[in-house]
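Take a look at the letters that make up each chain.
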Amino acid sequence: MSKQTPDFLPSLVGSMSQGAKGNPTVEMIEAAFCHHSLHYRYINMEVTPDNLADAVKGAHAMGFKGFNCSLPHKVSVIPHLDALGESADIMGAVNCVVKRKNQFIGENTDGKGFLKSLQSVIEPEGKHVVILGAGGAARAIAVELGLARAGKITIVNRSPQRGHDLSQLLTNKLSISTDCISWDKTLDIPKDTDVLVNATSIGLYDGNAQIDINLESLKDTTVVADVIFSPPETWLIRKARHRGCQTLDGLGMIVNQGITSVEYWTGLRPDASVMRIAVEKALNLA
Ligand code: NDP
């Protein structure tokens, strides 16, 4: 960046994380910037929890248009921001910060990315969605499905308290009909399930990792989605497809959350296929 005047410096966005492994976001976002000739750069920043406050101040001082936050900063970043968007406020977690009127606003695009991907095959309004897991991804997905007026959301989680907390959040803040199943034995999928989502980390980096569900109880009319994007072909996706279910892999979610982030930062809706190809290349799938 030697002799450039400030007018020609690119707008900056980036990702604040610690020890993130195998995350294809940089390649995906940079591919969108390049394809649309946007004068932006996306930079990975290793930030420890102790340095988070200074890092946010620094991003402000350096004129960043925003940044992504991943673990362990999704919740702890909130006190350092000026305000929160609707879903980030409800779920209490931020994965995307956007500068609006010189303020850093915390948004959550994980759930929005999932919803967009799901809506390519089914509209969740009025539907019964069963979510495996109650961690950050499950929370983001459940809140966004609640805002999209899903008919009923069943949370299935190994730790009963965490499952109960998420189902209470949906009932109290979104008035959604919920129930909560403690996952302490092989799960029979409820008969009226329209959508089954794996939002646990089971299957990450292991395409043969099995999920403790009774496959015989999975109907071919149920749409099955997995948040795992590496590998995208998980055990659940494979088994569900063999049973005749429509399936959605985790790549759709990651691409769509990236699209929403780019749109927030730049005002332009980027080309999804360019971003999907970049993710696939980054994960050595293409
Ligand atoms: P968390 O650690 O917050 O939650 C993990 C969840 O998985 C918990 O509900 C946990 O249950 C459950 N779990 C883990 N191992 C098991 C097991 N052996 N048996 C039963 N349940 C288990 O993680 P996140 O929610 O942040 O992330 C989950 C996954 O989502 C990650 O693999 C991540 O890569 C992926 N992800 C994908 C995105 C995408 O764009 N495709 C975006 C965001 C995340 P318990 O509460 O009992 O511990």
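Here, every reference points to the structure presented above.
Throughout this document, residue positions are counted from 1 along each chain, in the order its sequence is written. Residue-level local features of this predicted model are given only where pLDDT is at least 70; pairs of side-chain atoms are given and counted only at 80 or more, and the full residue set underlies all totals for whole chains, interfaces and linings. Only hydrogens and water are set aside; all other atoms, that is, all heavy atoms of the structure, feed into the side-chain values.

Draft legend 1. Representation of the site of the ligand. In the vicinity of the ligand, 21 residues are found, and the nearest of them are Ala-137, Asn-157, Arg-158, Ser-159 and Val-227. Within the backbone of Gly-135, a nitrogen or oxygen atom sits 3.4 Å from an oxygen atom of the ligand. Whenever two N or O atoms come within 3.5 Å, that pair is a polar contact, provided that in protein one can donate a hydrogen and the other can accept it, and provided that, for residues adjacent in sequence, both atoms are side-chain atoms. Interatomic distance of 3.4 Å between a backbone N/O atom of Ser-201 and an oxygen atom of the ligand. Each accessible area value is a Shrake-Rupley result obtained with a 1.4 Å probe; residue values ignore everything except the protein chains displayed when judging cover. Protein burial of the ligand: of its 930 Å² of free accessible surface, 77% is covered by the chains. Put simply, DSSP marks the helices as runs of H or I at least four residues long and the strands as runs of E at least two long, and each gets a number from the N terminus on. Of all the elements in the fold, those that place two or more residues in the shell around the ligand are helix H5 (136-147) and helix H8 (250-266). A per-element tally of the shell around the ligand places H8 first, with three residues. Three classes are used: nonpolar for Ala, Val, Leu, Ile, Met, Phe, Trp, Tyr, Cys and Pro, charged for Asp, Glu, Lys and Arg, and polar for all others, with Gly counted as polar. Residue composition of the shell around the ligand, grouped by class: ten nonpolar, eight polar and three charged. One heavy atom within 4 Å of a molecule or strand makes the whole residue count as near it.

Draft legend 2. Layout of unusual backbone geometry. In this chain, Leu-71 is followed by Pro-72 through a cis amide linkage whose omega measures 5°. That bond from Ser-230 to Pro-231 is cis: its omega, 5°, falls within 30 degrees of zero. Topologically, Pro-231 is positioned in the loop between strand S11 (223-226) and helix H7 (235-242). Positive phi is not limited to glycine here, since Ser-37 has a value of about 50°. Note on placement: Ser-37 falls in the loop between helix H1 (25-35) and strand S2 (40-46). A positive phi is found at Asn-284, a non-glycine position, where the angle reads about 60°. The buried label goes to any residue with under 20% of its type's maximum accessible area, the exposed label to any with over 50%, and the partly exposed label to all in between, with areas taken from a 1.4 Å probe on protein chains only. Residue classification places Asn-284 among the exposed positions, given a relative accessible area of 69%.

Draft legend 3. The side chain of Glu-144, seen in detail. Position of Glu-144 among the secondary structure elements: in helix H5. On the basis of relative accessibility, which here comes to 7%, the residue Glu-144 falls in the buried class.

No statement about biological role is implied by the geometric values presented.
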